[in-house]
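As a plain string of letters, each chain reads:
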Amino acid sequence: MRDILSRITKWWEADETFGLATVVRTYRSAPRDPGAALAVSSSADHEVIGSVSGGCVEGAVYELSLDVCQTGSPVLQTYGVSDDDAFAVGLTCGGIIDIFVERVDRESFPSLGDVAAAVERGEPVAVATVIAGPGQIGARRVIWAGDAVAGSGPDEVEGLAWEGGEGLGRDSWQAGASGTLGSGPRLDAAVDDDVRGMLAQGLTGIRRYGAHGERRGDELSVFVNSFAPAPRMLVFGAIDFAAAVARVGKFLGYQVTVCDARKVFATASRFPDADEVVVDWPHRFLAGTDVDARTVICVLTHDPKFDVPLLEVALRTPAGYIGAMGSRRTHDDRLARLREVGLTEEELSRLRSPIGLDLGARTPEETAVSIAAELIQLRWGGTGSPLTATEGRIHHQLTS
């Protein structure tokens, strides 16, 4: 939905009605993740934006969206190989997707403008919608995360997917909610708590409750579409390899910062793809900036006076990925120095060095691709092997 948010907000501002189809759950090799969306304007030209299947079932979803625009009754529709007409609508990849289709206008979604504004500002916000069960189907609640974010593990959420956005410190976030899910304050309160935990992890997916929000129930399904800040990529060392890594990091949806203590090298003109270029000692900057479990740290400094103090700080943060460039000899020397300053073997085991997958990369651009490949492999749990040499599903589920 993030991809089409600016366009549907313009429709909404113009008081147009449109059908909004959102992937809420996937099985096996589904082509799009939960949160992917397609919208169809009810205007004369029936403009279509977005995608829910990469083309497989767009035609069928288009027709259903037009119907929902007319009736106003939301529909939860399953497409996949279990349907008699699966191949007729084109979902031949072997996957199954659940798509929730609803009519949207200023009356049914009065806070859409606020949601779009929050996403634009990089503030975490989520939209929770009742999609099935005994409740009010289509009822919607918008939740803004605050400083207090409850934890909720990924294994508790169906149909997980990461979301992107702008990275801001949590001190700027404001808590709040608008709308109601229609089954009373108990359901609203339960969803608010769970959603803030999901926002903290950037998760989109389905939560299940009892008819009135009971935690042990599962007859009522609520789809939570999270718009969380983008994960951060911190690149240390203002070298040509860093420029390539910043470029691929931005392409993958990270909020990219390049940091180096040397002012002559750390300039915005040398790193046009970075969101931020910082002149500071790397270890000092890292110690004073926000790092969470989705943060990527790439140490490309090649200099012990920079990378040892930096890695001493980095390996004691919750960063999800910490990689360092250098030869195997450099890596062995680096480990020895880090042991001397007191890092434990458990802490050192988090270091990925030499950085990247073994692709035979030589140039800065090739090295950046190898780093990106490792990030993707770790995120989704792939093997890193050629697909022609593997069997089973191609698209992996989230591993963390």
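### A look at the environment of Glu-16
Looking at the element boundaries, Glu-16 is found in the loop between α1 (5-13) and β1 (18-27). We classify Glu-16 as partly exposed; its relative accessible area is 26%. Remark: the alpha-carbon pair of Glu-16 and Ser-43, spanning 27 residues in sequence, is separated by 7.4 Å. The contact partners of Glu-16, leaving out residues within four places of it in the chain, are Trp-11, Ser-41, Ser-43, Val-104 and Asp-105. At a separation of 3.0 Å, a polar atom in the side chain of Glu-16 contacts the side chain of Ser-41.

### Comments concerning the environment of Thr-257
Along the chain, Thr-257 falls in strand β13 (residues 255-260). The class for Thr-257 is buried, based on a relative accessible area of 2%. When the C-alpha positions of Thr-257 and Val-277 are compared, they lie 5.8 Å apart, and in sequence the two are 20 residues distant. Setting aside anything within four residues of it in sequence, one finds Thr-257 in contact with Arg-232, Met-233, Leu-234, Val-235, Glu-276, Val-278 and Phe-285. There is a polar contact of 2.8 Å between the side chain of Thr-257 and the side chain of Glu-276.

### Side note on the side chain of Thr-9
Take Thr-9: it is sitting in helix α1. Not counting the four nearest positions on each side in its chain, Thr-9 is found in contact with Leu-112 and Ala-116.

Scoring rules and cut-offs
Residues numbered from 1 in each chain as written. Predicted model: local features only at pLDDT ≥ 70, side-chain atom pairs only at ≥ 80, totals over all residues. Heavy atoms only, no water. Helix = DSSP H or I, 4+ residues; strand = E, 2+ residues; numbered from the N terminus. Buried < 20%, exposed > 50% of the residue type's maximum accessible area, 1.4 Å probe, protein only. Contact = heavy atoms within 4.5 Å. Polar contact = N/O pair within 3.5 Å; in protein donor to acceptor, adjacent residues only side chain to side chain.

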